[in-house]
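# Structure at a glance
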Amino acid sequence: MGSLRKPSHSRQISGLLLVMFLAEGASILGDEPGQLPDQQVPNLAVAQDALMGGEYERAIEVYSKLMDDPETAPAAAIGVARCRMRIGDYEEGIAGLEAEPAPDSAEWHLVLAKLLRLVGRYDEGLEHVRAAVRLDPGHPGSRLLVGSMLEALGRRDDAIESYRWFDQQLRKRSGLPRDAEWVTDTAVGFLRYTVLTESDQLVPRTRHVLHEMLQMVYERVDRTWWPARIAAADLLRERFNNDPLDGSVADYEAALLVSSNLPEAHVGLGEVALHRWDFDEAERRAELALEVNPHYPPAIHLLAKERLLERRYAEAAQVCDRALSFNTRDVVALSLSAAAAACRYDDAEVARARARVAKINPRSAVYHRILGDALAGIRQYAAAEAEYQKAIEYEPTDANAHTELGLTYMQWGLEDKAHKVLDRAWELDPFNDRTLNTVKLLESLESFARLETPHFTIRSDPQRDPGLAEYMAEYLESIYATITGDYETTLSDKTIIEVFPTQSDFGVRITGKPWIHTVGACTGRVIAMSSPRGSTQLFGPYDYARVLRHEFTHTVTLAATQNRIPHWFTEALAVSQEESPRSYEWCALLARAIRRNELFTLESIDWGFIRPRRPHDRTVAYAQSEWMYEYIVERFGYDTINAMLRRYRLGQTSEQVFKEQMAVTPTEFDRDFAQWARQRATPWGFDMEPPEDASALRTLAEKEPDDSVVQGRLARAELDDGDPERALAAARRALELNENERAGLEVLLTVLSGYFLENLSEPVRRGYEKEARLAATRLTAVDPDSALAAEVLGTLALSSRDWEEAIVSFERLQRIRPMNPASWQGLAGIYLERGEDDLALSQLLELVRLGEADPEIPAHIAGIYRRRADLRESRYWYVRALRVNPFSVKVHDGLGDTEMQLGNTQAALREYVMLTRIEPKKAGHFEKAAFAAAKIGDERTAQDLARQAVALDPDSAARTLVP
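Here's a quick rundown of the structure. (Residues numbered from 1 in each chain as written. Predicted model: local features only at pLDDT ≥ 70, side-chain atom pairs only at ≥ 80, totals over all residues. Heavy atoms only, no water.)

### Details of the packing of helix H23 (residues 415-428) against helix H24 (residues 433-445)
Operational definition: To define axes, lines are fitted to C-alpha atoms, for helices over the stretch in contact only, and angles between the resulting N-to-C directions are given on a 0 to 180 degree scale. Per the convention used, a helix needs a DSSP run of H or I reaching at least four residues, while a strand needs a run of E reaching at least two, with both numbered from the N terminus. For classification purposes, angles smaller than 35 degrees are called roughly parallel, those larger than 145 roughly antiparallel, those between 65 and 115 roughly perpendicular, and all remaining angles oblique. It is the rotation of the near helix from the far one that decides the hand of a crossing: anticlockwise by less than a right angle makes it left-handed, clockwise makes it right-handed. Contacts are residue-level and defined by heavy atoms, with any inter-residue pair within 4.5 Å sufficient. Three classes are used: nonpolar for Ala, Val, Leu, Ile, Met, Phe, Trp, Tyr, Cys and Pro, charged for Asp, Glu, Lys and Arg, and polar for all others, with Gly counted as polar.
It is at 10 Å that the axes of H23 and H24 come closest, and there the two elements cross at 140°. For the element pair H23 / H24, the angle class is oblique. Read as a crossing pair, H23 and H24 show a hand that is left-handed. Two secondary-structure elements touch here, H23 through Glu415, Ala418, His419, Leu422, Asp423, Ala425 and Trp426 and H24 through Thr435, Leu436, Thr438, Val439, Leu442, Glu443 and Leu445. Counted by class, the contact of H23 with H24 contains 8 nonpolar, 3 polar and 3 charged residues.

### Here's the deal with helix H38 (residues 742-755)
Note the following rule: Helix span is expected to be 1.5 Å times the residue number reduced by one. Three exposure classes are used, based on accessible area relative to the maximum for each residue type with a 1.4 Å probe and protein chains only: buried under 20%, partly exposed in between, and exposed over 50%. Two N or O atoms count as a polar contact when they lie within 3.5 Å, although within protein this holds only if one can serve as hydrogen donor and the other as acceptor, and sequence-adjacent residues are included solely when both atoms are side-chain atoms.
Between its first and last C-alpha, H38 extends 20 Å over 14 residues, near the 20 Å set by a 1.5 Å rise per residue. Within H38, 11 of the 14 residues are buried, leaving the element largely enclosed by the surrounding structure. Here H38 has its buried residues at Ala743, Gly744, Leu745, Glu746, Val747, Leu748, Leu749, Val751, Leu752, Ser753 and Tyr755. The N-cap residue of H38 is glutamate 741: its side-chain oxygen and the backbone nitrogen of alanine 743 are 3.2 Å apart.

### Some remarks on a negative patch on the surface
Note the threshold: In this analysis, a patch consists of residues with relative accessible area above 30% that form no salt bridge, clustered at 9 Å for like charges and at 5 Å for the nonpolar side chains Val, Leu, Ile, Met, Phe, Trp and Tyr. The method behind every accessible area is Shrake-Rupley, applied with a 1.4 Å probe, and residues are considered shielded solely by the protein chains displayed. For salt bridges, the criterion is a side-chain nitrogen of Lys or Arg within 4 Å of an Asp or Glu carboxyl oxygen. Within this scheme the basic residues Lys and Arg register as positive and the acidic residues Asp and Glu register as negative, but His and the chain ends are omitted. Think of each charge as sitting on NZ of Lys, CZ of Arg, CG of Asp or CD of Glu.
On the surface, a cluster of negative charge is contributed by Asp416, Asp423, Glu443 and Glu446. By secondary structure assignment, the location of glutamate 443 is in helix H24. Overall, glutamate 443 belongs to the partly exposed group, its relative accessible area being 44%.

### Re the environment of leucine 847
Assignment of secondary structure puts leucine 847 in helix H43 (residues 837-849). Residues leucine 847 and serine 823 lie 24 residues apart in sequence; the distance between their C-alpha atoms is 9.6 Å. In contact with leucine 847, other than residues within four places in its own chain, are Pro821, Trp824, Gln825, Ala828, Glu852 and Ile857.

### Re the packing of aromatic side chains
This is how the line gets drawn: Two aromatic rings from Phe, Tyr or Trp, using only the six-membered ring of Trp, form a pair when their centres are within 6.5 Å; if the ring planes differ by under 30 degrees the pair is stacked, by over 60 it is edge-to-face, and anything between is tilted. In our convention, an over-ring charge means Lys NZ or Arg CZ found within 6 Å of a ring centre and within 35 degrees of that ring's normal.
Counted under the stated rule, the structure contains 25 aromatic pairs. Both rings, one in phenylalanine 569 and one in tyrosine 648, keep their centres 6.0 Å apart while their planes meet at 50°; by these two values the pair is tilted. In this pair, phenylalanine 569 sits in helix H28 (residues 567-576) while tyrosine 648 sits in helix H32 (residues 639-649), placing the two residues 79 residues apart along the sequence. Note on accessibility: phenylalanine 569 and tyrosine 648 belong to one class, buried. Counting every residue linked through ring pairs, the aromatic cluster contains Trp627, Tyr631, Phe658, Phe669, Phe673, Trp676 and Trp684. Cation over ring: arginine 312 sits above tryptophan 607, and NZ or CZ is 4.4 Å from the ring centre. For arginine 910, the ring lying beneath its charged end belongs to tyrosine 471, and the centroid distance is 4.1 Å.

### So, the packing of helix H20 (residues 365-377) against helix H22 (residues 399-412)
Packing of H20 against H22 brings their axes to within 11 Å, and their N-to-C directions diverge by 20°. Taken together, the axis directions place H20 and H22 in an arrangement best described as roughly parallel. When the axes of H20 and H22 are compared, the crossing they make is left-handed. On H22, the residues that touch Arg369, Asp373 and Ala376 of H20 are Asn400, Ala401, Glu404 and Thr408.

### Considerations on the nonpolar core
Definition in use: Nonpolar core, defined: a set of buried Ala, Val, Leu, Ile, Met, Phe, Trp, Tyr and Cys residues in which side-chain atoms within 4.5 Å join the residues together.
Counting 258 residues, the largest nonpolar core has Trp568 and Phe658 as the members making the most contacts within it. Setting aside its immediate chain neighbours within four residues, phenylalanine 658 contacts Trp568, Leu602, Ile632, Met644, Tyr648, Ala663, Val664 and Phe669. Of all hydrophobic cores here, the second largest spans 28 residues; its members include Ala715, Ala717, Leu749 and Ala775.

### Some remarks on the environment of glutamate 603
With respect to the helices, strands and loops of the structure, glutamate 603 is situated in the loop between helix H29 (584-595) and helix H30 (605-610). Each C-alpha atom, one on glutamate 603 and one on proline 763, is 50 Å from the other, the two residues being 160 residues apart in sequence.

### Describing unusual backbone geometry
With a phi angle near 60°, tryptophan 277 is a residue other than glycine that sits in the positive phi range. By secondary structure assignment, the location of tryptophan 277 is in the loop between helix H14 (263-275) and helix H15 (279-292). Positive phi is not limited to glycine here, since asparagine 563 has a value of about 65°. Along the chain, the position of asparagine 563 falls in the loop between helix H27 (544-560) and H28.

### Considering the pattern of salt bridges
Scanning the entire structure with this criterion turns up 93 salt bridges. A salt bridge links glutamate 833 to arginine 801, with the nearest nitrogen and oxygen atoms 3.0 Å apart. Separated by 32 residues along the polypeptide, glutamate 833 in helix H42 (residues 821-833) and arginine 801 in the loop between helix H40 (787-799) and helix H41 (803-816) bring together distant segments of the chain. Between aspartate 897 and lysine 928 there is a salt bridge, with the nearest N and O atoms lying 3.1 Å from each other. Residue aspartate 897 is found in helix H46 (residues 889-902), and its partner lysine 928 is found in helix H48 (residues 923-935); the two are separated by 31 residues along the sequence. Via salt bridges that share partners, Arg592, Arg595, Arg596, Glu598, Arg614, Asp617, Asp687, Arg716, Asp720, Arg742, Glu746 and Asp783 belong to a single interconnected network.

### Describing the sheet that holds strand E2 (residues 456-460)
Quick note on the threshold: For two strands to pair, DSSP has to find at least two bridges joining them.
Read from one edge of the open sheet, 5 strands run E1-E2-E3-E5-E4, paired in mixed fashion. Looking at which strands have only one partner, the edges of the open sheet turn out to be strand E1 (449-452) and strand E4 (520-522). Averaged over all adjacent pairs, the angle separating strand axes in this sheet is 15°, with direction ignored. In this sheet, strand E3 (residues 495-500) lies alongside E2 in parallel orientation, the contact comprising 5 bridges. The partner of serine 460 across the bridge, within E3, is valine 499. Packing of H27 onto the sheet brings it into contact with E2, E3, E4 and strand E5 (526-530), and relative to E4 it is tilted by some 15°.

### Description of the pairing of E2
Side-chain positions along a regular strand alternate between the two faces of the sheet. Applied cut-off: Look down the strands so they point away from you; if going from the first strand over the helix to the second traces a clockwise path, that crossover is right-handed.
Along E2, 5 of the 5 residues are buried, which leaves the element largely enclosed by surrounding structure. Here E2 shows two buried faces, one formed by Phe456, Ile458 and Ser460 and the other by Thr457 and Arg459. Where E1 meets E2, 4 bridges bridge the pair, whose relative direction is antiparallel. Bridge pairing in E2 links leucine 451 to isoleucine 458. In this antiparallel pair of consecutive strands, E1 and E2, the connection spans 3 residues. Handedness of the β-α-β unit built from E2, helix H25 (residues 468-486) and E3 comes out left-handed.

### With respect to helix H13 (residues 248-258)
Summarising burial for H13: 8 of the 11 residues are buried, a large majority. The complete set of buried residues in H13 reads Ser248, Val249, Ala250, Asp251, Tyr252, Ala254, Ala255 and Leu256. Close packing links the buried residues of H13 with helix H11 (202-221), helix H12 (226-238), H14 and H15.

### Here's the deal with the side chain of asparagine 242
Mapped onto the fold, asparagine 242 is located in the loop between H12 and H13. Overall, asparagine 242 belongs to the buried group, its relative accessible area being 8%. Apart from residues no more than four positions distant in its own chain, asparagine 242 is found in contact with Arg237, Gly247, Ser248, Val249, Val272, His275 and Arg276.

### Structural notes on the pairing of E5
In terms of burial, E5 is largely enclosed, as 5 of its 5 residues are buried. Covered by surrounding structure in E5 are Val526, Ala528 and Ser530 together with Ile527 and Met529, the residues of both alternating faces. Relative to E5, E3 is paired through 5 bridges, and the arrangement is parallel. Looking across to E5, one finds that valine 499 is bridged to methionine 529. Taken together, the 3 bridges between E4 and E5 define a ladder with antiparallel strand orientation. Pairing of alanine 521 across the sheet is with alanine 528, part of E5. Hairpin geometry of E4 and E5 is characterised by an intervening segment of 3 residues between the two adjacent antiparallel strands and by a positive phi of about 125° at glycine 524.

As structure tokens, this is what we get:
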């Protein structure tokens, strides 16, 4: 029952639906589902076709010509108004209808009511639509609008009474209209009545509306009737069924095939994109809708929501003003404006917006839901809870409000509350995938083991991640005092650590969706992580200690500021606490950003995390954030950090914090930091010259085709422009003119080194390698200090197992650019291969100093020290190795044996027992553990372990311990 899919129209409805809705031999669509309504006068039909096809200006032109004919003038005036409504000319549409009054026309009143609603004249609109109902009681569109407007004004009970008509219609056994418009509007009204009355028939009725009404309309009655497609798509999207094949996306796209000028479809697709955090697509869709109708409220609302998620709060407020400019009573725009103010901690502006909404609708669930979403997004959980509860009070059938409240409780660490609220959400909407995913996750969490320490609660899967919690607990308690002390913060509650056995479970825990591209996340008191176990369902082993330290720093700095710390600042502090040097990759990316003038500003750096526009933006945002922290400490002193935290706790903006604490404006800080960064990066040895304009150099190269220097410059510019094919062609042309042209050689090597590392056929790969080796040799002759040439030659020699040549090249690379880990990795591999421990050890230790995360490095170091009989150093490195690969049999075994040699039998027993949990069918592990237990005098444990060893291997030496 947990999904809503659309079967073929030939699918038979259930017996229950047959009894409820259809008399024997009758259908709500009539006996001739392919029959269209009687056509009107041809000219009016042409205009109507243009209108429904999205040709609004053409439709206006045709309707306008018909205004001169008394017989067609009334219908033409209404048609023009409908066109005006589609393109956003609301006031003109109202004026046109008022100039051609038709008080006896239900359609005239209905269209006028729709226009009046769009400009905020709700009471007048309600009067007109009620007049439409009186004139034509059987028109579902009018009754649907009455119910919708009453809901918007907070008159819920009256709205239910209006929607009751739809329920009554579908209970009739005969005489139901058959046209597409009637069925579509009736389907929407019927489902809304079902939801508001909490009918126990919600599931069959929802499926009936989708399959037997809306789908039937666009498959059998009128394939061009796009409103049915939109209604079906909206229904699916509200339940988070956004599959591109049979979900909301498919229906929105199908509607656009009928007419590309449908703001409804573009906004629907934009909402789907926003749910996926695809900000570019959401903005593109909103703009496409606004090209058709510059005053289309849902498109403007979509833009405002996108700005809110990007934390561009001032821009969000400006977008809201755009909607309020033609409807000062737009409740959604007012609510989004209040949300933007709340995210800036502007309580006065929130109060003003709340008062304006209350005058329109004193029981607006929409207002409180939107405000709750915004507050939850900035981790103001208590405030968000209050708003969601108010939204639920005003609209108790809003499943999504319940779901969002439940997810807020999840982020807050209140899982018992979350379970209750999400169960209720599931009762209200048993099709919502986010709710289902989270409820299932909560049920699986009940089977997790719980380990309590003085400051932490650690939960993990005892079957798939045995013993991991104990190791994490030991590490967490060791860092607790340091990190809380650094930020002068005392935590009032234990921090909850949850380790999930699959990446999809971790994704659901954080986002409600089974995908997320990271291994750890902090929502305040809760830290969620995917398991560091090797598995196809996970990212694989990682340094869990480093991740825990990073995420716990978030917990502390969020608590220090009541969750008001800017994203970049909490990331800066978390990275700085990792106790790992800046990686070579980060240095290269920072240097590239400086060279290309792409450093983030204080205003834009959060967008690097939230809305990265370039492939490396998110990584650069992390690296630059930490670098900005380093700069602040160097220039203003470490005490400034905690002073900033205190100011953010008070709700100050970054502009206020920088001005009042450091006496600099954000603009001045950006300028000074950029200068400092260039000075710091220059000694790293990367190219810092700004890129040249590729287009201008192409023109120059055409004028001077035989100038090798120009061709070399062009090659570099093309590479900077992200076009390796053009860069390679220009580099080869430069080298044809001059085989020693430096830029050409560097570009050729850069491009080819990328190519021959890819999965290419062996002949192609060998060809690239040969060309690269020749170019690297020439570049070395031109520039003996070329790090690029040394790295390429070393890598090529390593791949061909030419150890001596590789050693020469990598040693040269170490002299030229010691921060590049490639040389240390290459030499370490060679020396380990040759069994030269002493030479390998120096390379491995330098890799650790450089921050390389290869899980094998600490294990290799531990093994070397153990072979040297330096057992204390060996133990230290085995412990480091376990933090990177906690389920390594080799590492646990090595650490256990080392502890035994050191006389730490209890510690050795711990490692051997861990081995029995990782590999429970290996008798040798139980045997070692049994003898260790016996050695410390724990006879019962020793005998139990020995019995298990003998059960697995009757010849086990542990049988001597079995009585």
